[in-house]
Amino acid sequence: MTTPTSAVNWDLLLEHARAALSHAYVPYSKYPVGAAALTDDGRIISGCNVENASYGLTLCAECALVSSLHMSGGGLLAAFVCVDGAGEILMPCGRCRQLLYEFRAPGMQLMTVSGIRTMDQVLPDAFGPQHLEGQ
């Protein structure tokens, strides 16, 4: 199922992403990140970053969001937005783009610093579960 851009309430997703910032645990970087997504069944889920003294164990907001996806019933991500501590649009890093790709609905859209893009536009020629089938 592809969600048309016009069917996504981007303002509401931004509101949820900005609200998630207040839950970020960022004692080291002081760089909170909030994320929100619309699922393919119409739910809105969110996540924030959670740092760790062992920096490599830090969880990105996208990781928390995917965990929330599974904790709230599963499904796929239809639309996604991520914000920095000032509430401005933030582009997911490459690692997080890969994570989002794994759990995307067909035609998933992201609000990016350069406008609304599809997952395939922000991570072209991606490697995914389809490459492991039959292995």
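It should be noted that the structure appears before, not after, this text.
Residues numbered from 1 in each chain as written. Predicted model: local features only at pLDDT ≥ 70, side-chain atom pairs only at ≥ 80, totals over all residues. Heavy atoms only, no water.

Q: So what's going on with the overall build of the protein? Residues and values would help.
A: Looking only at helices and strands, the protein features 4 helices and 5 strands. Its helices and strands in sequence order give the protein the pattern α-β-β-α-β-α-β-β-α, from N to C terminus. A globule of 135 residues ought to have a C-alpha radius of gyration of about 14 Å, and the protein, at 14 Å, matches this closely. Dimensions along the principal axes, computed over C-alpha positions, put the protein at roughly 40 × 40 × 30 Å. Expressed as a percentage of its 135 residues, the buried residues of the protein come to 41%. If you take every contact in the protein between residues at least 6 apart in sequence, the share linking residues at least 24 apart comes to 59%. In the structure as shown, the protein presents an accessible area of about 7,000 Å², 57% of it carried by carbon and sulfur atoms. (Helix = DSSP H or I, 4+ residues; strand = E, 2+ residues; numbered from the N terminus. Rg over C-alpha atoms; globule rule 2.2 N^0.38 Å. Buried < 20%, exposed > 50% of the residue type's maximum accessible area, 1.4 Å probe, protein only. Contact = heavy atoms within 4.5 Å. Areas by Shrake-Rupley, 256 points an atom, 1.4 Å probe, with all protein chains shown as cover.)

Q: How would you sum up the pattern of salt bridges? Please name residues and give values.
A: Scanning the model with the defined rule gives 1 salt bridge in all. Close ionic contact of Asp 41 with Arg 43 constitutes a salt bridge, the shortest N to O distance being 3.0 Å. Look at Asp 41 and you get exposed, because its relative accessible area is 52%. (Salt bridge = Lys/Arg side-chain N within 4 Å of Asp/Glu carboxyl O.)

Q: An account of the side chain of Asp 84 is requested, with residue identities and associated values reported.
A: One can find Asp 84 in the loop between strand E3 (77–83) and helix H3 (94–102). Among buried charged residues, Asp 84 stands out as having no salt bridge; its nearest opposite-charge side chain is Arg 18, 7.5 Å away. What Asp 84 contacts, discounting residues up to four positions off in sequence, is Leu 21, Tyr 31, Pro 32 and Leu 90. (Lys, Arg positive; Asp, Glu negative; His and termini not counted.)

Just geometry here; none of it tells us what the structure is for.
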